[in-house]
Structure formats: C-alpha cells, structure tokens
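Residue-level structure breakdown
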There are 2 protein chains.
Amino acid sequence: MAVNAQFKDMTHHLSPETIRRKPNPLKDTIRLILENPHLISLANGDPHPSTYPVRSMEFEVADPTGADPVATWRALGLSAPTLRVSADPASNAADAMLIRSSMRYGHGAGLKELCDAVGGINARYHTAPHHVPTISLASADGITKLWRMLGAVGDYFLADEYTFGPMALAADAHGVKWVPVRIDAGGLIPADLERLLRDWDDGLGRRPHVLYLTPCGQNPTGSTLSLERRKRIYEIAQVYDVIIVEDDPYYFLQYDLPNADPSAPEKPFPTSFLSLDVDGRVIRLDSFSKVMAPGLRVGWYTTSPFFHAHLVRLIDNSTQHPSGLPQVFLAQLLAPADASAGGAWGLDGFDRWVRSLRRDYQRRRDLLLRLFDAHVGASGLASADPPEAGMFVWIRVHIERHPRFARRAAAVGETEGPERERAVAHRPRTPLPQTNTAALMNEFFDACLRAGIVVCPGWAFVTNAEEDYGEPGAVPIIDRSNFVRTTFSGSEETMEAGVPILGRVLKEFFLA
Amino acid sequence: MAVNAQFKDMTHHLSPETIRRKPNPLKDTIRLILENPHLISLANGDPHPSTYPVRSMEFEVADPTGADPVATWRALGLSAPTLRVSADPASNAADAMLIRSSMRYGHGAGLKELCDAVGGINARYHTAPHHVPTISLASADGITKLWRMLGAVGDYFLADEYTFGPMALAADAHGVKWVPVRIDAGGLIPADLERLLRDWDDGLGRRPHVLYLTPCGQNPTGSTLSLERRKRIYEIAQVYDVIIVEDDPYYFLQYDLPNADPSAPEKPFPTSFLSLDVDGRVIRLDSFSKVMAPGLRVGWYTTSPFFHAHLVRLIDNSTQHPSGLPQVFLAQLLAPADASAGGAWGLDGFDRWVRSLRRDYQRRRDLLLRLFDAHVGASGLASADPPEAGMFVWIRVHIERHPRFARRAAAVGETEGPERERAVAHRPRTPLPQTNTAALMNEFFDACLRAGIVVCPGWAFVTNAEEDYGEPGAVPIIDRSNFVRTTFSGSEETMEAGVPILGRVLKEFFLA
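Nothing here was measured: the structure is a model prediction, and the numbers come from that model.

Another point: the overall build of chain A. Looking only at helices and strands, chain A has 17 helices and 17 strands in total. Against the 2.2 N^0.38 benchmark of 24 Å for 512 residues, chain A shows a C-alpha radius of gyration of 25 Å, consistent with a compact globule. Taken along its principal axes, the extent of the C-alpha atoms in chain A is 85 × 60 × 40 Å. Residues counted as buried form 60% of the 512 residues belonging to chain A. Of the roughly 19,100 Å² that chain A leaves accessible, carbon and sulfur atoms contribute 55%. Of note, chain A has its 53 positive side-chain charges centred 2 Å away from the centre of its 61 negative side-chain charges.

The following block contains the structure:
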C-alpha cells in the first residue's frame, strides 16, 4: 500500500456546471459570522436553538460482543442482548453540544463527530492518510452528486458491461453516455479498459474521464477484483488520466471460498483503490446500508481535499447534510466507549459486528450454493462461480444446449454481401442479436414466474450504451446475457423453498 | 376556498430531463415482487432485516400542553417537562412494523405513517382534498429537485426581485434564468407579474412557466401576501399557464400587528395558494425546519398526483427517501395519542406548539421593533415595516438623506444624445447604477462590522438576472437596494446588544 504523495490538480475533470456555479453573497456573510465569533449577529436567520423541541435521544442496538453477535441477534430476536446508544444533555456537556449541533443547520461535510468516526473506519481498513471523508446521504445520492460534479452533456463514463441500473440512470439523466467494459468472473478486464481508452475515437467526443466500478461482490455478477487487476486498472487510469469512482458497499462482506480450510486465518479485507491512490484520482463511496440498515440513508465519500471542497459546495447547495438524527446515532454508536457516556460499539464493536455479519452471509452463501449444486447445477444446464464478497450469485444458463437454441437467420444473412460491408464500416449503434438467446431467456424468466419464483434476468443489468464499443467480431452482449442474478440476502427459508423450484423449471424448460 | 376540480395535464411543464429518463428494468422486477407477495423472491438484493442492529428508539421532547409551552421550554431548560416519543417492537406490533419499514429501503414518497401525519396537517390548515403529500429532505433539497423537474437550459423562472439566494442558485446551476418581479411591503406586485408575462419577448425564449414565491414572511423583506393579492396572482398564473411554487416555511409563524387589541381573537392562519388551487398548478413546500429543528432535514411537498408521481421518480433515482430515523420520530410524534403507544403530540399537540411558537417569535419581533424605534427609527435615518410573519425585519436606510448621496455623472450623461437612444433601443443586460447608493451602503455595512455587528446587506438578496426586465424608466434595483435585513430569530440578548450599536453606527455614518 502506497503512501499518498502530492495530489494532482483535477480541475479539468469537473463539469462546467460545477465550475460555473455562481458565488452566493449570503455565504460570505455567514462565513464572516462563523470566523468572527465576537461579532454580534443580527444577520443569521436560523431558528433559535432554544426552541428546538428535542432534548435527548436513545437507541437500543445489538450487543456486538460475544462469539458471533449477528447469529445471536438473529436467533434470539427480541430477547437478544442490547446496548443503549444515547445522547442526553442532562448526562454531559458533550452530548448537549452534539444534540445542539445536530439539530441546527450544519456543515455540508457532515457532523464533525461522525466525520471523525468514519475517518477512524478509513484509517482501520485503508491506507489513505491524505484523503478526507464527506458524509453522504448513502450511495444512491452520493453517486448522483458525483455524476453532476464530474459529467457534462456529451461526456462518456466507463462502467462494467453489467452494472446496477439506477446508478447509471442517474448519469443518463443529465446527458452522460456510458461505455461498457468487458467483465468476467474476476471482474472488469483491464485489457479491455486499456483498449477502449487507447483506441478512443475523438470524433465521438472527449475520451472517457470517469471509471465507475464496484470492486467487491460486484452487482450483479458477484465478482471481486484481485489486487493484481486493481493495480493494473489504476496504472491504466494514470496513463489516460481517468477518475476512479470506487463504489464499495460490499467491502465488509468478504467470504472464504467454499471448502476452505476452517483452521486457516480469516481472509483479510482487500486492498481498496483508495489505498492505492497516490494521485487523488480515487473517489471512494462507503455506506452503512449493507452492514447496518439501508433506512439510515447515511454513507460517506473519501476523496482528495480538492474533491471534498467541491462535494461540500454541491451538498450545501442541494440536499444539505443528512438528518441530524442518524448522524448523532452513528457518531455515538461508533464513538470510543470511554470518550462518551453515550458510546456503545466504538470501532472495535463495529469491527466485531461486520466480521460476524460476514460469517452470517457466508453461511447463507454456502446454503445457496449447496442448494444450487443439488437442484440446479447437477443437471449440467446451469453453473455459477462462488462469490467471494457481496450478496449475489450470478447463474449462467447454458442456453446453447437448449433444443431450440438457434443462430438467427437475419444475423447470418448480415454477414454477407453489401450488408456486411456496411456493418464493418459503421459500428452499429444497437447491434442486432445473432442468436435467440434473449427470447429463450425471456421464456425461462416467464416460466419461473408461472412456477412462483422471481429471479433477476441478466439483461436487466446490461449497461445502457448508445453504441457497441466491443472489439470487432465480439459477440454482442445481448447474446451473452444468458444469466440470472440470485441473492442470498433473503431468508434461509426463501432459498430452501425457491432453489428447488428454480431447478425444476430449468429442467422442464430445457425439455422443449 | 375552492374545492379542487379536475386537474389539468401539466406534462408540458416538465423538463426534457424529467421526461427522457430511461426506464429502469430492475424496477419492473421489484414491482412484480411487491405486487405479488405470494412469489418466492431470489431477486431482491436488500440486506436481510433480521441483521439490522437497531431495535428501538426513544426521543425526549417538549411537552406541548400548558398555557405557553415554548415559553416554558425556553425558560426552564433541562428542568422543563418532557414527553417520550418512542418506537419499540417489544411494546406493540405496530411499532415493530414501523421500525422494520423505516430501516429498509423505502418508497420515494416517504414512510406511509409520516405521509398520513403530514396529510393530517394539510387537512387541518388548508383546503386541498385532491392534492397529495410527498416527503422531502426539507425545502433546500425539495426546491433543487423541483427546478430539475420543471426547468431546462434556457428556461426562465419568475421570482421576487429580492429572494433567498441559495434557492435561486440551485436553478442557475442547470441553466435556468431568473426574471425578477417587483416587490413592495405587501409582497410580490401582481401588476408587475402580469406586465412581465403579457409583454414577454418570445425572442428571449419560452415565456416563464414557473413562479417561485414565499407568501408568508418573505425572506428577506418579511412581507406577507394578502388574500386579495394571492387571488390575483393565481388568476394571472391561470391566464399564462404558470406553475406556482409556494415555498412557505414561515406559514406557522404568523403575528398580530404591534399594538393590536390583545383581547381580539388570534389572527387566523392565511389562505395558502394550495387552498386556492383548482388546476393542480400549485406545488407547495412545507418544512419542519422553522417550527421544530432544521437539523431534522425533513419537510414535504403537496402537489397534484401528477407532480407527485414525477417527484417520487426523481427521489427514487437520486437521494431516495429521507432517513428512517427522523421519519419514525416525526410519524410517532404526530400520530394520534390513542393510535400508538409511542405517540406524544398528535396534531393537537403540534397545533399547540406552533401557536405557542408564534407567540414566542411575536414577543421577539416586538422587542426588535421596540429597540429599533428607540435606537434607530427615532433618528429618521431608517424605517421598517412590522412583519406579520416569519423572522425578518427589512430596514430601509434613507440613503437619499446622506450628505454624500449623489446621482452619478455617468448616469446623468447617459440620459442624453445617442447614448440615450441606444439605451432605449436595447434593454441593458446589467443596468448601470444611477446613484452612489451601492457604494454608500457598502460603507455602512463595513462601519457596522468595525463596530462589532453583522447585518445582511440588501444587495446580497437581489435575484440574479441576466437582463433588466423592469418597466422602461424604472429605477434599477441597485439604486433601490438601500436595505439591510435583520432578524429576531436570535436571542433577546443579541438584539439588546446589537440594535443600539446599529443606531449609533447609522447616526455616525450620516454625519459624513
């Protein structure tokens, strides 16, 4: 892991919108007040804190101690042991300050106490001494703001060829176009990334300057990038001056391979792109959604101070900071137990919780894989790679073995005569399918529904692109989307009920 | 108050960005799951609710009963009586459901229980049986989203000529231009609004289709629109098919005029534009920021079902819903006391709180006005209209009585010869000042700072416009910005210390 050196100036990566934002003269007045506490202010129109009707708050949370606290929490339900996280002005002055600062208009970067806590998480799991945190409203909002900060109409961003749709849609909405990069069981393929950047046709527009990826337990393919691939991707980003947006919600959910030696030491947390970043080109997003609860709607960016300043400006001018309630809850939950009467978990408790959570999800992944092997894989009609992180198993349906699998006549016809020359001369904007894979997969999806189960069809994750940026002669993605995404984030009962049905439907489907 | 009739289709008011947003195939899968609860889902990748480590929450809040609960709350501090608002699965099944739905990914419209509560507030203070609420992340975010929904690059929106800067800046950021409407002590002047729409030069672009206003306690001028003006503005909006964005954070802070008969019945809450809306053209924004605490970051839109659907889509694809913690807190706080073990205030308690809050702010307004009369107004060098709502007193400095007040030579010169003809033929994009008002007001502002007080200079609120849309021959706004904004939202001590200094500085300033 590298120690971060002097960061580059990344001004050229900002969208004109971010740069042209006009100054706000009122902010100057407010800054004046904040920087000169001796001034008597008749200017600041905030409602007076003495009128805020909230005095204290208290939350009952899981006890993260014990051998396997998540297992205990799930097994014992309402009788599981709990701890109390509170902020009570009657108990100490620090809590009084915290409640007061959480209930008034705050700073776009987030509550100082929470910034300190997530800074502590960063220091524990990453090596990034020169990057700084900015509290986000969890990653959906975090990414929406990033696209606005980095992208202008007509820009191109790079992403895995399968990706979580809403993240990409957020960029579509203001005119950014996506360029898909090939992905395999090991995640994004560095050679394809390099090809796309090296051979970029400037006639299309500016070369992509943003790469969006989910390095651990990628949604939907479940793949995790090896350290070797990460280093290679970072090098390519340096050569072509690309910003890496590292969206890493599944970072804490790391699993050993099935049948790993149970006495071997627990698999370490991976080296993040953040830890590799010496240029300030990595923007990392973390979230409490997957390791605590999505309804909290709190996460954090970790970036160079340069991007931090622009993000804070964007936050101050749009959503503002997240609600003070989840900020206080998380700040107190993660505060060192001795530093605050309200503290409960501290960072050690957080670490125990996420390590227990990964064991819990690992057991569920193993259950799904066992059920899959017994009811689906044994037929030879589908296969799946065991994911080493995240929540998803990406099942490949061996559609080419289906009795009705066919290359399309139209597709074959297109390979001859003047049609073929036109096809070679112009990259098709929407390449025609060469097989009936899509139709068959739709049939399969419908058959699952009729049998009472829902899976996510692979094509639902195809990154929306205007053109086919694949290598000449490559199979179009529509003909490679013979996948369904399944998840082990549901209950054991759901998996035990659903997977046998999936196997039965699959076998019936391949009969005709 | 009119009963709402059939609403118009407002599709033509949406920005292309809102309309062009691509469909999200994943949403179809999720909808399928939600609409068919009998299906076994291996599709939905939400973290499992049994792993969320939050069991219960409890908040200690002000007791809203008693003669003047806000006064009690402020006077007694930590010994003031409190009530407990809680959500505890151990106490009842409804609370268990509430915690569970608040902690998972929720609906863009907001938590159902909170939608019900704010729907109850709407029903109590407005007449709008056909409009529906959408929970917002308070009004700064609410407005940012509205501009995105309604405005495209090159569009024009109408606003008061003085307005709260950050709200307008949010629209600047994506290329919407502002057209300022004249404002006086009674708020926006309907005749000027009509002139701007009637005489709109189509050469500039599409006629403005959005009017942004703050009808009560306008920030910064403190003005409140009469029912007569509201009706006239609504009629004009009907004629020119304009959407009215009614941003009304100060609605609940209504004051009697100073020296009103104390035995007279309390002034009623005003009739909102929402209550006048028969077309579905009013989009109302409410917020808990001014009547509870800004740090909650929760408010709500009230709109036609048509705009609701588009807002939900925008929320789902960007910030998502507000955090579950403030949503649960507010839902339980406002729930009928008998309907939930956790309920505390109910809507009656909310009503008692806001009526006590307005008395509290009214006392502070009266204090500021008394101090003003004694230390500033008595000099005859400045004057102020008593605001009937909100938090601000807009002080007019009688700058034309200043010994160094002067009409600019350049300004005079421009009124003659060919220069004058050019000026008449082309509306100046940035009209030149005709007096030295701006320079003198800056001097005054600096003198205040040197004396240890901060006020907000009036020019900081001038709505940013590219051109001068004023009536021919009208005085440019730069020459009419002889105002400072002061507030009574601060403490009594601040006002008692600050206003005498303001008076002294003003008198000294007028000596030279």
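Turning our attention to empty space enclosed by the protein. For the structure shown, the criterion picks out six cavities of 30 Å³ or more. Here the second largest cavity is characterised by a volume of approximately 50 Å³. As for the second largest cavity, its lining consists of 14 residues, of which Leu137(A), Ser323(A), Leu137(B), Pro322(B) and Ser323(B) are closest to the centre. Within the lining of the second largest cavity, the residues separate by chemical class into 10 nonpolar, two polar and two charged.

Mapping between the two chain copies consists of a rotation about an axis together with a translation along that axis. Mapping chain A onto chain B is achieved by rotating through 180 degrees and translating by 0.0 Å along the same axis, at an RMSD of 0.0 Å. In symmetry terms, the pair is related by a two-fold rotation axis. Using C-alpha coordinates, one finds that chain A approaches the rotation axis most closely at Glu58(A), a distance of 2.6 Å.

A word on the pattern of salt bridges. For the structure on display, the rule yields 66 salt bridges over all chains. The partner of Asp199(A) in a salt bridge is Arg198(A), and the shortest N-O contact between them spans 3.1 Å.

Listed by partner, the interface residues are 114 residues for chain A and 115 residues for chain B. For chain A, the biggest contributors to the area lost against chain B are Leu42(A), Pro53(A) and Arg55(A); these three give 10% of the whole. Here chain A and chain B share two salt bridges between them. With a shortest N-O distance of 3.6 Å, Arg55(A) and Glu60(B) are connected by a salt bridge. In this assembly, chain A and chain B are joined by 45 residue pairs in polar contact (both at pLDDT 80 or more). A total of nine residues in the side of chain A that touches chain B trace back to one element, the largest contributor, which is strand β2 (residues 54-62) of chain A. Both β2(A) and strand β2 (residues 54-62) of chain B contribute to a ladder of seven bridges, which runs antiparallel. Each bridged residue has a counterpart across the sheet, and for Phe59(A) the counterpart in β2(B) is Met57(B).

Time to look at the pairing of strand β12 (residues 299-303) of chain B. All names here are of chain B. The buried count for β12 comes to five of five residues, which makes it a mostly enclosed element. Side-chain alternation along β12 places Gly299, Tyr301 and Thr303 on one buried face and Trp300 and Thr302 on a second face that is also buried. Pairing geometry for strand β4 (residues 132-136) and β12, over five bridges, is antiparallel. Paired with Ile135 across the bridge in β12 is Trp300. With four bridges connecting them, strand β11 (residues 282-287) and β12 associate as antiparallel partners. Following the sheet pairing, Asp286 is matched in β12 by Trp300.

We now examine the environment of Val176(A). Residues and elements named next belong to chain A. For Val176, the position within the fold is in the loop between α7 (165-172) and β6 (177-181). On the basis of relative accessibility, which here comes to 3%, the residue Val176 falls in the buried class. Separated by 19 residues in sequence, Val176 and Phe157 place their C-alpha atoms 7.0 Å apart. Residue contacts for Val176: discarding those within four places in its chain leaves Gly151, Ala152, Asp155, Phe157 and Ala171.

What follows is about the packing of helix α4 (residues 93-103) of chain A against helix α12 (residues 324-334) of chain A. All names here are of chain A. Here α4 crosses α12 at 150 degrees, and the two axes come no closer than 8 Å. Put simply, α4 runs roughly antiparallel to α12. As for how α4 packs across α12, the hand of that crossing is right-handed. Here α4 contributes Asp95, Leu98, Ser102 and Met103 to the contact with α12, which in turn contributes Gly324, Leu325, Val328 and Gln332. For the contact of α4 with α12, the residue count by class is four nonpolar, three polar and one charged.

What counts as what
- Residues numbered from 1 in each chain as written.
- Chains lettered and ligands numbered in written order.
- Predicted model: local features only at pLDDT ≥ 70, side-chain atom pairs only at ≥ 80, totals over all residues.
- Heavy atoms only, no water.
- Helix = DSSP H or I, 4+ residues; strand = E, 2+ residues; numbered from the N terminus.
- Rg over C-alpha atoms; globule rule 2.2 N^0.38 Å.
- Buried < 20%, exposed > 50% of the residue type's maximum accessible area, 1.4 Å probe, protein only.
- Areas by Shrake-Rupley, 256 points an atom, 1.4 Å probe, with all protein chains shown as cover.
- Lys, Arg positive; Asp, Glu negative; His and termini not counted.
- Charge placed at Lys NZ, Arg CZ, Asp CG, Glu CD.
- 1 Å grid on protein atoms, 1.4 Å probe; cavity = no way out; pocket = protein on both sides within 12 Å on 5 of 7 lines; lining within 4 Å.
- Points joined across faces, edges and corners; volume = space filled by probe spheres on them.
- Nonpolar A, V, L, I, M, F, W, Y, C, P; charged D, E, K, R; others polar.
- Least-squares fit on C-alpha atoms with pLDDT ≥ 70 in both.
- Salt bridge = Lys/Arg side-chain N within 4 Å of Asp/Glu carboxyl O.
- Contact = heavy atoms within 4.5 Å.
- Buried area = accessible area lost by both parts, 1.4 Å probe.
- Polar contact = N/O pair within 3.5 Å; in protein donor to acceptor, adjacent residues only side chain to side chain.
- Pairing = 2+ DSSP bridges.
- Axes fitted to C-alpha atoms, helices over the stretch in contact; angles between N-to-C directions.
- Parallel < 35°, antiparallel > 145°, perpendicular 65-115°, else oblique.
- Left-handed = near helix turned anticlockwise from the far one by under 90°.

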